[in-house]
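# Structural overview for review
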Amino acid sequence: MEQAVASPLSVWESFYVIIGSSSAALTGLQFVVIVLSTELNALGSGSATRAFATPTIVHFCAVLFISAILSAPWSALSSAGIALGACGVTGFVYAVIVVRHAWRQTDYAPVLEDWIWHAALPLIAYAALLVAAVFVQREPVPSLFVIGGTALLLLFVGIHNAWDSVVYIALQRRQRPEGRGDQN
């Protein structure tokens, strides 16, 4: 029985080591971005941070969590599916809350690209994770590909959104008069 469970997951080991390590490293870099932005007062109010900065950390951590789940020595594939399903539900609910924060915050007017990367793609990713988790026991091969694609999508969303934050901070700093870093 154990061999049957290990078989579908073992071929994914290197994949999850790579993206799990990447998400962990990028999480650390995002902390640096947040520190720099607070020094420049570039993120504005807490509502903008909740809508645009914090979700990036959550997406990186979700990738790390997915990697940990699929690297764990499960005795049954259904147990991994339950953990992944919980991650999918939690991520989806969180993504809905982020959309609400993005809609209500007044520090920044999101454009279409922001709605795609900060709202639509995370919602799609977490919904796909949930669906794949439901079917992982019955259809392990396609489900594991969907889960892997979901992890990559969340990693790319995080990279894109972190890059956008850095560019926004850099542009904010350039627009401020010398010695006037405390004004918007």
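Residues numbered from 1 in each chain as written. Predicted model: local features only at pLDDT ≥ 70, side-chain atom pairs only at ≥ 80, totals over all residues. Heavy atoms only, no water.

### Regarding the overall build of the chain
For clarity, the threshold we go by: Counting from the N terminus, the helices are DSSP H or I runs at least four residues long and the strands are E runs at least two residues long. Here the open area of atoms and residues is found with the Shrake-Rupley method and a 1.4 Å probe, where only the protein chains shown may cover a residue.
For the chain, the helix and strand inventory stands at six helices and zero strands. Listing the helices and strands of the chain from first to last along the sequence gives α-α-α-α-α-α. Approximately 9900 Å² of the chain is accessible, and the part contributed by carbon and sulfur atoms is 68%.

### Let's talk about the confidence of the model for the chain
Counted only if it meets this: Per-residue confidence from the predictor is given as pLDDT, running between 0 and 100. Whether two residues are in contact is decided by their heavy atoms, any of which lying within 4.5 Å being enough.
Chain-level pLDDT for the chain is 85 on average; 85% of the residues reach the 70-or-more range. Within the chain, the element-level pLDDT minimum falls on helix 1 (residues 2-10), averaging 61, and the maximum on helix 5 (residues 112-135), averaging 97. This model gives residues 179-184 a pLDDT under 50, and the stretch forms seven contacts once residues within four places in sequence are excluded.

### A closer look at a nonpolar patch on the surface
Rules: Residues enter patches when their relative accessible area tops 30% and they take part in no salt bridge; the joining distance is 9 Å for like charges and 5 Å for the nonpolar side chains Val, Leu, Ile, Met, Phe, Trp and Tyr. Salt-bridge detection follows one rule: a side-chain nitrogen of Lys or Arg within 4 Å of a carboxyl oxygen of Asp or Glu. Between buried and exposed lies partly exposed: a residue is buried under 20% and exposed over 50% of the maximum accessible area for its type, with that area taken using a 1.4 Å probe on protein chains only.
Among the surface-exposed residues, V89, V93, I97, L130, V131, V134 and F135 lie close enough to one another that they form a single nonpolar patch of about 540 Å² accessible area. No other element matches the four residues that helix 5 contributes to the nonpolar patch. Relative to the helices and strands, I97 resides in helix 4 (residues 77-104). The partly exposed category is assigned to I97, whose relative accessible area is 33%.

### Observations concerning the packing of helix 3 (residues 46-71) against helix 5
Defined as follows: Geometry is summarised by axes, namely lines fitted to C-alpha atoms with helices restricted to the contacting stretch, and by angles between N-to-C directions that run from 0 to 180 degrees. Here is the rule for angles: anything less than 35 degrees is roughly parallel, anything more than 145 is roughly antiparallel, 65 through 115 is roughly perpendicular, and the remaining ranges are oblique. In this scheme the handedness of a crossing depends on how the near helix is turned from the far one: anticlockwise by less than a right angle means left-handed, clockwise means right-handed.
Interhelical geometry of helix 3 versus helix 5 gives an angle of 25 degrees and a closest axis separation of 12 Å. By the angle between their directions, the pair helix 3 and helix 5 is classed as roughly parallel. Here helix 3 runs over helix 5; the crossing is left-handed. Residues A51, F52, V58, H59, A62 and I66 of helix 3 form the contact with helix 5, whose participating residues are H118, P122, Y126 and L129.

### Some words on the packing of aromatic side chains
Applicable threshold: The criterion for an aromatic pair is that two Phe, Tyr or Trp rings (for Trp, the six-membered ring) have centres within 6.5 Å, with stacked assigned to planes under 30 degrees apart, edge-to-face to planes over 60 apart and tilted to the rest.
With the rule as written, the count across this model stands at six aromatic pairs. A centroid spacing of 5.0 Å and a plane angle of 75 degrees characterise the contact between W12 and F145, whose relative ring orientation is edge-to-face. A residue pair is termed long-range when its members are at least 10 positions apart, and W12 in the loop between helix 1 and helix 2 (13-40) and F145 in helix 6 (residues 140-175) qualify at 133 residues. On the basis of an interplanar angle of 50 degrees and a centroid distance of 5.8 Å, the ring pair of W103 and W115 is categorised as tilted. Taken together, the positions of W103 in helix 4 and W115 in helix 5 put the pair 12 residues apart, joining distant regions of the chain. For W103, a relative accessible area of 68% puts it in the exposed group. Ring-pair connections join several aromatic residues into one group, and the members of that group are W12, F15, Y16 and F145.

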